[in-house]
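Inside the fold
Given next are the chains, with one letter for each unit.
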Amino acid sequence: MQRLLRLLRQLHMRTVHVPQLLPPGMSGRTTRQQLAVRNLLAKTPDFRSAQELHALLTEDGARIGLATVYRVLGRMADQGEVDVFVRPDGESTYRLCSTGHHHHLVCR
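The paragraphs below set out a description of the structure included in this document. Note that residues are indexed from 1 along each chain, following the sequence as it is written. Residues qualify for local features only when their pLDDT is at least 70, as the model is predicted, and side-chain atom pairs are given and counted only at 80 or more; totals for whole chains, interfaces and linings, by contrast, use all residues. Remark: hydrogens and water are excluded; side-chain values derive from all non-hydrogen atoms of the structure.

Moving on to the overall build of the protein. Only DSSP runs of H or I covering at least 4 residues are called helices, and only runs of E covering at least 2 are called strands; the numbering of each starts at the N terminus. Secondary structure assignment for the protein yields 4 helices and 3 strands. Start at the N end of the protein and walk to the C end: the helices and strands fall as α-α-β-α-α-β-β. A contact between two residues is defined here by any heavy atoms of the two lying within 4.5 Å. For the protein, long-range pairs separated by at least 24 residues make up 45% of all intrachain contacts whose partners lie at least 6 apart in sequence. The Shrake-Rupley method, run with a 1.4 Å probe, gives the accessible areas here. Residue values count only the displayed protein chains as cover. Here the protein has roughly 8,500 Å² of accessible surface; of this, 55% comes from carbon and sulfur atoms.

Okay, structure coming up:
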């Protein structure tokens, strides 16, 4: 019995490698905040800053923090779901990426 308990403790202490199937930072579930940001971007054809999106979301009654909006947009950008355009003042703006073939062109 003691031997079995030792073996169980050893197994419990080991680190098991599990392959990561989701992109880093993703929890594997879609939150209401992620849906709110995605749905707003789907209705907004223009580039909007995180602060502008946050203001629109809170005006509509969504309970979401500005930091969460930045996090969601960052994840969406990492996954290629949003186009990111940096304004001359350095502020990043976001637009939902179209699903069809498209090009990214920035004129200066």
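Moving on to the packing of helix H2 (residues 32–43) against helix H3 (residues 50–59). Note on geometry: axes are lines fitted to C-alpha atoms, helical ones only across the stretch in contact, with angles between N-to-C directions running from 0 to 180 degrees. Packing of H2 against H3 leaves a shortest axis separation of 11 Å and a crossing angle of 105°. Classified by the angle their axes make, H2 and H3 are roughly perpendicular. In this structure, H2 uses Ala-36, Val-37, Leu-40 and Leu-41 to contact H3, whose residues at the interface are Leu-53, Leu-56 and Leu-57. Broken down by class, the residue content of the contact of H2 with H3 amounts to 7 nonpolar, no polar and no charged. Orientation labels follow simple angle bins: below 35 degrees gives roughly parallel, above 145 gives roughly antiparallel, 65 to 115 gives roughly perpendicular, and whatever is left gives oblique. We call Asp, Glu, Lys and Arg charged. Ala, Val, Leu, Ile, Met, Phe, Trp, Tyr, Cys and Pro are nonpolar, and the rest, Gly among them, are polar.

What follows concerns the sheet that holds strand E2 (residues 82–86). Reading across from one edge, E1-E3-E2 is the order of the 3 strands in this open sheet, with antiparallel pairing throughout. This sheet does not close on itself; its edge strands, each paired only once, are strand E1 (48–49) and E2. Across 2 bridges, E1 lies against strand E3 (residues 92–96) in antiparallel orientation. Of the residues in E3, the one forming a bridge with Ser-49 is Thr-93. The pairing criterion is simple: DSSP has to find at least two bridges between the two strands.

Residues belong to one nonpolar core when they are buried, are Ala, Val, Leu, Ile, Met, Phe, Trp, Tyr or Cys, and are joined through side-chain atoms within 4.5 Å. Residue exposure (1.4 Å probe, protein chains only): buried if accessible area is under 20% of the type maximum, exposed if over 50%, otherwise partly exposed. Formed by 13 residues in total, the largest nonpolar core has its most connected members in Val-37, Leu-41, Leu-53, Leu-57, Val-69, Leu-73 and Met-76. Among the secondary structure elements, those contributing two or more residues to this core are H2, H3 and helix H4 (66–78). For this core, the leading source of residues is H4, giving 4 residues. Other than its neighbours up to four places away in sequence, Met-76 contacts Val-37, Arg-38, Leu-41, Glu-81, Val-82 and Leu-96.

Once that is clear, we can look at H2. Taking 1.5 Å as the rise per residue, H2 with 12 residues should run 16 Å; its terminal C-alpha atoms sit 17 Å apart, in good agreement. Of the residues making up H2, those classed as buried are Gln-34, Val-37, Leu-40 and Leu-41. Across the axial projection of H2, the buried residues extend over an arc of 135°, all falling on one side. Looking at H2, the residues exposed on the side facing more than 90 degrees away from the buried face are Arg-32, Ala-42 and Lys-43. Considering only its buried residues, H2 is in contact with H3, H4, E2 and E3. Any helix carries an expected span of 1.5 Å times its number of residues minus one. The directions considered for the arc are those from the helix axis to the C-beta atoms.

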